[in-house]
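Report on the structure
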Amino acid sequence: MIDPWDHPIFGQTLQEWQGIVDLVARVADVRAGLVMRVRDDDIEVFVSSRSAGNPYEVGDKEKLCGSGLYCERVIATQEQLLVPNALKSDEWRNNPDIKLNMISYLGFPIRLASGRPFGTICVLDDREHEYGPDVIALLEKMRDLIENHLQLNERLLLREENCRLLEQLQGELAERTRGEEALRASEERYRMLLALSPDGISVTDITGRILACNEQFVQVHGYGHSSELIGRCAREFTTPEAYDRLYREVATAFERGERVARGMEVEVARPDGSVLVTEYSVAQIPWADAPAGVAFVANIRDVTERNRMLAELTRHQSHLEEQVRARTRDLEAEIARRTAAQAALARSERILNDAERIAHVGSWERDLITGDLYWSDETHRIFGISSGTPPEDVRKDIWGAVYPEDYRTVEAAYAHMLQTGVPFNSVYRIILPGGELRVVHGMAELVRDAAGQPVRVGGMVQDVTERERVRSVLDQHLKELSVLQALGHIISFRFPMDEIIQTYLERLVSLAGLDLAQVYLLQGDRLRLAGVCTSPAIPRPGEQTAALAVGECLCGLAVQQGQTLCAAEVESDPRCTSEDCRANGMHSLAALPLRSGEV
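Residue indices follow the written sequence of each chain, beginning from 1 at its first position. pLDDT decides what is reported in this predicted model: residues at 70 or higher carry local features, side-chain atom pairs at 80 or more are listed and counted, and totals for whole chains, interfaces and linings draw on all residues regardless. Excluded from the side-chain calculations are hydrogens and water; all other atoms, namely the structure's heavy atoms, are used.

Some points on the side chain of Asp42
Applicable threshold: By definition, any uninterrupted DSSP run of H or I lasting at least four residues is a helix, any uninterrupted run of E lasting at least two residues is a strand, and each is numbered from the N terminus. What qualifies as a polar contact is a pair of N or O atoms within 3.5 Å, subject to a donor-acceptor requirement within protein and to the restriction that residues adjacent in sequence count only when both atoms come from side chains. In what follows, a contact means two residues having at least one pair of non-hydrogen atoms within 4.5 Å.
Here Asp42 lies in strand E2 (residues 42-48). One polar contact links Asp42 to Lys63, side chain to side chain, over a distance of 3.4 Å. Setting aside anything within four residues of it in sequence, one finds Asp42 in contact with Arg37, Lys61, Glu62, Lys63 and Leu64.

Focus on the packing of aromatic side chains
Each aromatic ring pair is described using two quantities: the centre-to-centre distance and the angle formed by the ring planes. Keep this limit in mind: In this scheme Phe, Tyr and Trp rings, the latter by its six-membered ring, pair at centre separations within 6.5 Å, and the angle between planes marks the pair as stacked below 30 degrees, edge-to-face above 60, and tilted otherwise. The cut-offs for exposure are 20% and 50% of the maximum accessible area for each residue type, with area from a 1.4 Å probe on protein chains only; residues under the lower value are buried, those over the upper are exposed, and the others partly exposed.
Taken as a whole, this structure holds 11 aromatic pairs when the rule is applied. Ring centres of Trp399 and Tyr414 lie 5.8 Å apart, and the angle between their planes is 75 degrees; this geometry places the pair in the edge-to-face category. With Trp399 in helix H9 (residues 391-401) and Tyr414 in helix H10 (residues 404-420), the pair connects residues that are 15 residues apart, well separated along the chain. Its relative accessible area of 30% is what places Trp399 among the partly exposed residues. Residue classification places Tyr414 among the buried residues on the basis of a relative accessible area of 13%.

Let's talk about the confidence of the model for the protein chain
This is how it is decided: Each residue carries a pLDDT score, the predictor's confidence in it, ranging from 0 to 100.
Across the protein chain, pLDDT averages 82, with 86% of residues at or above 70. Looking at the elements of the protein chain, mean pLDDT is at its lowest for helix H4 (residues 180-196), recorded as 65, and at its highest for strand E5 (residues 104-111), recorded as 96. Note on residues 489-493: pLDDT is under 50 here. Beyond four places in sequence and across chains, it has 11 contacts.

Re the sheet that holds strand E10 (residues 275-286)
Test applied: Should DSSP find at least two bridges between two strands, the strands are taken to pair. Only C-alpha atoms enter the line fits that serve as axes; for helices the fit covers just the stretch in contact. Angles between N-to-C directions range over 0 to 180 degrees.
Ordered in space as E8-E7-E11-E10-E9, the 5 strands form an open sheet in which the pairing is antiparallel. Two strands in the sheet have a free side with no partner beyond their single neighbour: strand E8 (210-213) and strand E9 (260-269). Adjacent strand axes in the sheet meet at a mean angle of 30 degrees when their direction is disregarded. One ladder, built from 5 bridges, connects strand E7 (residues 200-204) with strand E11 (residues 294-302); its direction is antiparallel. Looking at E11, one finds that Val203 is bridged to Val297. Sheet strands touched by helix H6 (residues 240-255): E9, E10 and E11. Its angle to E9, the strand with the most contacts, is close to 175 degrees.

Overview of the nonpolar core
Taken as a class, soluble globular proteins show a tendency for nonpolar side chains to be buried jointly. The line we're drawing: Among buried residues, those of type Ala, Val, Leu, Ile, Met, Phe, Trp, Tyr and Cys that are joined through side-chain atoms within 4.5 Å constitute a nonpolar core.
Formed by 30 residues in total, the largest nonpolar core has its most connected members in Trp17, Ile20, Val35, Leu106, Phe118 and Ile121. Among the elements of the structure, helix H1 (11-28), E2, E5, strand E6 (117-125), helix H3 (133-175) and helix H7 (304-359) are those that each provide at least two residues to this core. If you tally residues by element for this core, the top one is H3, at 8 residues.

Some words on the environment of Glu57
Looking at the secondary structure, you find Glu57 in the loop between E2 and strand E3 (61-63). C-alpha separation for the pair Glu57 and Val45, spaced 12 residues apart in sequence, amounts to 6.8 Å.

Regarding the pattern of salt bridges
For the record, the criterion: Salt-bridge detection follows one rule: a side-chain nitrogen of Lys or Arg within 4 Å of a carboxyl oxygen of Asp or Glu.
A full pass over the atoms with the stated rule returns 38 salt bridges. Its salt-bridge partner being Asp29, residue Arg127 comes within 3.5 Å of it at the nearest N-O pair. Placement of the pair is Arg127 in the loop between E6 and H3 and Asp29 in the loop between H1 and strand E1 (32-39), with a sequence separation of 98 residues. Classification of Arg127 as partly exposed rests on a relative accessible area of 40%. The exposure class assigned to Asp29 is partly exposed, which follows from its relative accessible area of 46%. Among the ionic pairs, Arg438 bridges to Glu436, the shortest N-O distance being 2.8 Å. Taken together, the shared-partner salt bridges connect Arg111, Glu140, Arg143, Asp144 and Glu147 into one network.

The following block contains the structure:
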């Protein structure tokens, strides 16, 4: 049997159905919108939406009976079916569409004009959907529109057949003789066609007088019997302008060589005052009772409801498209906001990472509930652990890196924090994977939930290796300087002061391993530079500040306060105000007051 949908006249209908499933899928925000058709023992995908992620292709088919498909139930019951999430339903969790991850479904049955099932219109998605009333109403409206299309298509097929028969009869009549029997036989066929056609058909002469008509033609015009129309002029049932326009369009079609003038809309005025919009197709045929033996047969259809529905569909579609555009604008604004927020977050993370890297300070967090562990990039660098190391290996590497002699102290301090909530604060040594020994300063705090239960630990770790090295060297220097200071109390002034100062500075540089040593002598409220000595490793400094006020720079403060002062970092210590402090790349500085003693 030839599939009527293969007929070229239905191409526009299929395009409209494609637009319907595309619109439904977009409005419902689902992966797939489908029109399914029952064909013999199968059910096949007849129209499939062009939405992203749609796994169904036109022509995909399954055996209808016993398939377990959602659509099988809809066709069997001829009722709407809504499945929000098949995975939560014992009845639907094993249906074939689950293989495609289509877990939600909404479908309506589609019936032919005869009432027989044609198929379904449905939407499916890979997410749970309740499908609100607007989506359900839209899908039901689209089902009604498709059923109207089916009715129209059936009528179009029959009208096409009618037109084909009319053309065939016209050809036969043209070839036949003018004998009355042949004409009467042809007229009888036309009368039979009039009686069988579901559309209104009339035969008029060249003046517009109605020679014959069927009951459908009578009903369209709002009368009870054909006798009320036979012999009357067709002009009476419409406006003069509409009749003249129809006449011109038919004449133009015949002049172009067309055997049938198709698709002309004409308004029909009925006796009750109502007006219908009809669609005419007209052909010329021989007719014995007509002047010159020629008449015009017209096929007429009431398209008032079709036009109303098309207008309603256009209005509804425009409304939906405006809603989609508004929703799209909202989504675009939300995407822009989130993009900006993500950019700001990425910028903050980049600044934080740079700050941690520059300061050698890393951060970390451990979720006590899930066991998840987060380390910043700088924390990975401090411990020498790759950023791609699995969390369980990271935890092993943390404790494995602690220097054995410091392990018990660090472990006890961390356990004390977990038990009591007292913050963890410890300086300890670690061994990197390459064997390098480093010193770190770790701090951590315990965070509790509203119920007071520990939920996570957050902390920081700073690489203080260089600081501890400087402090150790400085401590050693201070010890040595203290010895020299004690010696300073017994300085004898029996020798010239310049010789005493130079000898003192040379011994200080040699014994303490310093790079630079200076002596200032107090004269009134000023300190005068009295001597400078440098180690052989650095060049002798250039011109130095000749005098300092008491309280000025680190040396002046040491005299003012009468105690030894140290600066571990000259660049960052606000007490080191003299440019001499930073000369020759000096990193750390100590200033101690010398007192004269009695011999």
